[in-house]
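Structural characterization, general
What follows is the residue order along each chain.
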Amino acid sequence: MGPLVGCILVGVIIFIFLAIIQRIRTAKKSALARELTRSKLKTAASQDSVWDKQAVLEHTRDIFMRYQRDWSTYDLESMKQYMTPEYFNHAALMVTALRQASRQDLVNGPVIKSSVIEEVQDASDNAKDVVTVAFYASARDVLMDNRTDKELFVDTNDFEESW
């Protein structure tokens, strides 16, 4: 494979990645689904102290902010501590593609404007509990060319991500 084909392939991978991120950021959930989740959370909290709403939101906010920092610095070892093995493999692949293209995605100054618990799955074994939280946030997201130290793309739009 020649250098041009390799650059095109990496460009396609980055384009797909940015398209996926944009789709995730613009995803909307219905009011009915949120009401159902509130009910499930209330039921779970009444049976299990792990489901304290404020503690869950605080913990997920901490992870969200940690991920923004880890993504910007390619800190895969840190990511491994809080990601599922499947998602870690995905993130590691994306970091590898960016590194090979001499690119870096810097998430500067992330601010969580709000966070909402979207889904609750309370299992009898707390290790199998699942929660999904929507984050409404802002940041200055910059795709850098590390060879030229130039900004290739800048996004300052607010975004939504579900974790």
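Residues numbered from 1 in each chain as written. Predicted model: local features only at pLDDT ≥ 70, side-chain atom pairs only at ≥ 80, totals over all residues. Heavy atoms only, no water.

Another point: the overall build of the protein chain. What the protein chain contains, in helices and strands, is five helices and four strands. Looking at the protein chain residue by residue over its 163 residues, the buried ones come to 38%. Contacts in the protein chain between residues far apart in sequence, at least 24 positions, make up 64% of those at least 6 positions apart. When the accessible surface of the protein chain is summed, it comes to about 10,100 Å², and 58% of that surface belongs to carbon and sulfur atoms. (Helix = DSSP H or I, 4+ residues; strand = E, 2+ residues; numbered from the N terminus. Buried < 20%, exposed > 50% of the residue type's maximum accessible area, 1.4 Å probe, protein only. Contact = heavy atoms within 4.5 Å. Areas by Shrake-Rupley, 256 points an atom, 1.4 Å probe, with all protein chains shown as cover.)

This structure, assessed with the given rule, holds five aromatic pairs. For the ring pair F64 and F135, a centre distance of 4.4 Å and an interplane angle of 25 degrees mean the geometry is stacked. You can see F64 sitting in helix α3 (residues 53-73) and its partner F135 sitting in strand β2 (residues 130-145), a full 71 residues away along the chain. Taking 5.3 Å as the distance between ring centres and 55 degrees as the angle between the ring planes, the aromatic pair formed by F64 and W163 counts as tilted. (Phe/Tyr/Trp six-rings, centres within 6.5 Å; stacked < 30°, edge-to-face > 60°.)

Turning our eyes to something else, we now look at a nonpolar patch on the surface. On the surface, L4, I8, V12, F15 and I16 cluster together into a nonpolar patch covering about 520 Å² of accessible area. Tracing the backbone shows F15 in helix α1 (residues 3-25). (Patch = residues over 30% accessible without salt bridge, like charges linked within 9 Å, V, L, I, M, F, W, Y side chains within 5 Å. Salt bridge = Lys/Arg side-chain N within 4 Å of Asp/Glu carboxyl O.)

The subject of this paragraph is the pattern of salt bridges. Summed over the entire model, instances satisfying the criterion amount to six salt bridges. Where K80 meets E77, a salt bridge forms, and the shortest distance between an N and an O atom there is 3.9 Å. In this pair, K80 and E77 both sit in helix α4 (residues 76-80), three residues apart, roughly one turn of the helix. A salt bridge links D158 to K113; its shortest N-O distance comes to 2.8 Å. Taken together, the residues span a long stretch of sequence, with D158 in the loop between β3 (150-155) and β4 (159-162) and K113 in strand β1 (residues 103-121) at a distance of 45 residues. Beyond isolated ion pairs, a larger network of salt bridges with shared partners links R103, D145 and R147.

Nothing here speaks to function; it is all geometry.
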